[in-house]
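What follows is each chain in one-letter form.
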Amino acid sequence: MNLAITRLNKESREYLKLKDDIQLYLRDQENIFKWQAKLRGPPDTPYSEGTFLVNIDCPADYPISAPKCKFITKVFHPNIHFDTGEICFE
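All of the points below concern the structure found in this document. Predicted model, so just to flag it, every value in this text is computed and none were measured. (Residues numbered from 1 in each chain as written. Predicted model: local features only at pLDDT ≥ 70, side-chain atom pairs only at ≥ 80, totals over all residues. Heavy atoms only, no water.)

## Side note on the sheet that holds strand β4 (residues 68-71)
Stated precisely, the cut-off is as follows: At least two bridges found by DSSP between two strands are what make those strands a pair. Per the convention used, a helix needs a DSSP run of H or I reaching at least four residues, while a strand needs a run of E reaching at least two, with both numbered from the N terminus. All axes here are fitted lines through C-alpha atoms, helices being fitted over the stretch that makes contact, and every angle between N-to-C directions spans 0 to 180 degrees.
Ordered in space as β1-β2-β3-β4, the 4 strands form an open sheet in which the pairing is antiparallel. Edge strands, defined here as strands with exactly one partner in the open sheet, are β1 (22-26) and β4. Taking the axes of each pair of neighbouring strands and ignoring which way they run, one obtains an average angle of 25° across the sheet. Both strand β2 (residues 34-40) and strand β3 (residues 51-57) contribute to a ladder of 7 bridges, which runs antiparallel. Residue pairing in the sheet places arginine 40 in a bridge with threonine 51 of β3.

## Points about the nonpolar core
Rules: Residues enter a nonpolar core if they are buried and are Ala, Val, Leu, Ile, Met, Phe, Trp, Tyr or Cys, with the set joined through side-chain atoms within 4.5 Å. Only protein chains enter the calculation, and the probe is 1.4 Å; a residue is then buried if its accessible area is under 20% of its type maximum, exposed if over 50%, and partly exposed in between.
If you look at the biggest cluster of nonpolar residues, it comprises 14 residues, and the most contacted ones within it are Leu8, Phe33, Trp35, Ile56, Cys58 and Phe71. Elements that contribute at least two residues to this core include exactly α1 (2-16), β2 and β3. In terms of residues, this core owes the most to one element, β3, which gives 3 residues.

## Some thoughts on the pattern of salt bridges
Two side chains with opposite charge may pair up if their charged atoms get near one another. Stated precisely, the cut-off is as follows: Salt bridge, as used here: a side-chain nitrogen of Lys or Arg that lies within 4 Å of a carboxyl oxygen of Asp or Glu.
Here the structure, examined in full by the defined rule, presents 4 salt bridges. Its salt-bridge partner being glutamate 14, residue lysine 10 comes within 2.9 Å of it at the nearest N-O pair. Linking lysine 10 with glutamate 14, this pair stays in helix α1, spanning 4 residues, or about one helical turn. Look at lysine 10 and you get partly exposed, because its relative accessible area is 42%. Via salt bridges that share partners, Arg27, Lys34 and Asp57 belong to a single interconnected network.

If you want it as structure tokens, here you go:
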């Protein structure tokens, strides 16, 4: 778990240097494994006027295992499960 915490701290410092359309917050200040992203829709797409919230849950063995991401904002997209907000690529 120490590797995961070290990596998440490093990545959060790198994020602070970015000027982007993504805002990233800890959902729980006591738990570095629980994040929320606020995304603006990409320009020139049907999503361009939208703002979308995504919960990001990093496992204890991150970066070996990938984070689980789930849209909180309802999104109609073929790779987003409409009822649960889970990202799926099948």
